[in-house]
Amino acid sequence: MQEHVTSETIAERIQAALAERFGERCRVDPQLAGLEELARIAGHCVHRRFLPRSVEPALLRLLCACALSAPSKSDLQQADVMVVRDEAKRHAVAALIPDVPWIAQAPVFLVFLANGGRLPQLARMRGKPFPNDHLDLFFNAAVDGAIVLATFMRAAAAVGLGCCPISAIRDRPDAVSELLELPDRVVPVAGLCVGWPAEAGRITPRLGLEVTLHEDRYASAELARQVEAYDRRREAARPYARQRAVERWGKAVTYGWSEDKARQYAEPLRGDFGAFVRAKGFRLD
Ligand SMILES: Cc1cc2nc3c(=O)[nH]c(=O)nc-3n(C[C@H](O)[C@H](O)[C@H](O)COP(=O)(O)O)c2cc1C
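Keep in mind it's a predicted model, so treat the numbers as computed, not measured.

What counts and how
- Residues numbered from 1 in each chain as written.
- Predicted model: local features only at pLDDT ≥ 70, side-chain atom pairs only at ≥ 80, totals over all residues.
- Heavy atoms only, no water.
- Helix = DSSP H or I, 4+ residues; strand = E, 2+ residues; numbered from the N terminus.
- Buried < 20%, exposed > 50% of the residue type's maximum accessible area, 1.4 Å probe, protein only.
- Pairing = 2+ DSSP bridges.
- Axes fitted to C-alpha atoms, helices over the stretch in contact; angles between N-to-C directions.
- Near = heavy atom within 4 Å.
- Polar contact = N/O pair within 3.5 Å; in protein donor to acceptor, adjacent residues only side chain to side chain.
- Areas by Shrake-Rupley, 256 points an atom, 1.4 Å probe, with all protein chains shown as cover.
- Nonpolar A, V, L, I, M, F, W, Y, C, P; charged D, E, K, R; others polar.
- Salt bridge = Lys/Arg side-chain N within 4 Å of Asp/Glu carboxyl O.
- Disulfide = S-S within 2.5 Å.
- Arc of directions from axis to C-beta.
- Contact = heavy atoms within 4.5 Å.

### What to know about the side chain of H47
Part 1 of the argument: Its location among the elements puts H47 in the loop between helix 2 (35-42) and helix 3 (57-67).
Part 2 of the argument: The buried category is assigned to H47, whose relative accessible area is 13%.

Pasting the structure below:
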């Protein structure tokens with residue numbers, strides 16, 4: 001029997017998702033337009049397991065076009081999307097990052113690119129100087145790339161596809177860049193696994209809105225207490241299956257988000273990324 005979905009039901013679904021996410025019941029007016037869209041956004045979760053069902057090339061092109069319709073800083077259009085269709089190339093990327101098997105398993109693998117190369121090329125084509133070769137060029141391109149990535153995920157979710165961004169491709173930026181033949185000033189922001197989800201996703205609780213939503217002034221005096229409360233809420237809802245780096249830090253009695261992230265960032269990660277970005281021709285000063 002088909003469930004009759006009223007706007008009240010959708011409003012309740014949004015409220016429940018946000019309560020799980022933030023530990024707070026937000027008011028949701030059932031008369032609001034776009035509740036279905038809000039429900040998808042509020043219920044977001046990444047997917048790492050996919051059905052063995054392909055994604056039609058026409059659908060993929062449609063989603064890429066929607067993603068590239070995202071806003072762009074000064075209309076500079078500094079983001080590109082690469083579809084890694086060649087299976088040999090995709091397996092070569094996956095082989096570089098053995099910890100992330102879903103790169104090889106997902107029906108589609110994309111790479112979102114920050115492109116700081118087109119703008120200086122335009123300057124040359126139009127015979128103009130280019131006095132803006134500094135950090136902002138890289139930053140704008142990376143932000144545009146991230147917005148296009150997020151917009152792709154939103155479009156994909158609207159048609160029922162699941163996604164998982166993959167920053168791990170930046171563990172081996174040189175090799176990825178060579179495989180994908182990225183020119184100067186074009187660098188990967190993140191990969192993206194895309195496919196039809198094999199299972200329902202689960203909401204990951206986030207820091208409370210009192211930590212990340214500010215009004216008029218930045219407030220962080222209560223951070224330690226708020227993080228402690230988040231750790232407890234998260235441990236109750238989504239306990240970590242395993243503790244990180246037990247050989248270095250031992251087994252903690254209570255293991256929340258803050259301990260996990262502190263342990264994660266106690267190891268040097270991607271210390272060579274700046275050198276890679278500079279070698280690709282970006283000036284970061
Ligand atoms: C820019 C970016 C890079 C990410 N990189 C990876 C990755 O390399 N591997 C992975 O499994 N998940 C990756 N993720 C997924 C995050 O782990 C996930 O978003 C986070 O755990 C929160 O879960 P949720 O998105 O389901 O709420 C990435 C997410 C983002 C936004």
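### Examining the sheet that holds strand 4 (residues 186-195)
Part 1 of the argument: Pairing is antiparallel across the open sheet formed by 4 strands, whose spatial order is 1-2-4-3. One side of each edge strand has no neighbouring strand; the edge strands of this open sheet are strand 1 (79-83) and strand 3 (162-166). Across the sheet, the mean angle from the axis of one strand to that of its neighbour is 25 degrees, orientation sign disregarded.
Part 2 of the argument: Pairing of strand 2 (residues 108-115) with strand 4, which is carried by 8 bridges, proceeds in the antiparallel orientation. In the strand pairing of strand 4, L113 is matched with P188.

### Re the site of the ligand
Part 1 of the argument: Of all residues adjacent to the ligand, which total 13 residues, the nearest are H44, V46, R48, P165 and S167.
Part 2 of the argument: Contacts to the ligand include P165, whose backbone N or O atom sits 3.2 Å from a nitrogen atom.
Part 3 of the argument: Protein chains shield 66% of the accessible area of the ligand, which is 620 Å² for the free molecule.
Part 4 of the argument: Sorting elements by how many residues they give to the shell around the ligand places strand 3 first, with 3 residues.
Part 5 of the argument: Looking at the shell around the ligand residue by residue, the classes come out as 7 nonpolar, 3 polar and 3 charged.

### Digging into the pattern of salt bridges
Part 1 of the argument: Here the structure, examined in full by the defined rule, presents 15 salt bridges.
Part 2 of the argument: The closest approach of N and O atoms between R40 and E37, which form a salt bridge, is 2.9 Å. Taken together, the positions of R40 and E37, both in helix 2 and 3 residues apart, correspond to about one turn of that helix.
Part 3 of the argument: Classification of R40 by relative accessible area gives partly exposed; the value is 32%.
Part 4 of the argument: The partner of R270 in a salt bridge is D171, with the nearest N and O atoms 2.7 Å apart. Within this pair, whereas R270 is found in the loop between helix 12 (257-264) and helix 13 (273-279), its partner D171 is found in the loop between strand 3 and helix 8 (173-179), the two being separated by 99 residues in sequence.

### Overview of the state of the cysteines
Part 1 of the argument: Enumeration over the complete set of coordinates arrives at 0 disulfides.
Part 2 of the argument: Summary of cysteine pairing: C45 is not part of a disulfide, and the nearest cysteine sulfur, belonging to C164, is at 11 Å.

### Considering helix 3
Part 1 of the argument: Along helix 3, the residues that are buried comprise L59, L60, L63, C64 and A67. Buried residues of helix 3, seen end-on, are gathered within an arc of 135 degrees and therefore sit on one face of the element. Away from its buried face by more than 90 degrees, helix 3 exposes A58 and R61.
Part 2 of the argument: For helix 3, the elements touching its buried residues are strand 1, strand 2 and helix 7 (135-158).

### Comments concerning the pairing of strand 3
Remember that side chains alternate between the two faces of the sheet whenever the strand is regular.
Part 1 of the argument: Along strand 3, 4 of the 5 residues are buried, which leaves the element largely enclosed by surrounding structure.
Part 2 of the argument: In this structure, strand 3 lies alongside strand 4, joined through 5 bridges in antiparallel fashion. Directly across from G162, in strand 4, lies its bridge partner G195.

### Here we look at helix 6 (residues 118-125)
Part 1 of the argument: Taken residue by residue, helix 6 has L119, P120 and A123 as its buried positions. The buried side chains of helix 6 occupy one side of the element, clustering within an arc of 95 degrees when seen end-on. Of the residues in helix 6, the exposed ones pointing more than 90 degrees away from the buried face are R124 and M125.
Part 2 of the argument: Downstream of helix 6 by a residue or two, G127 has a phi angle that is positive, lying close to 60 degrees.

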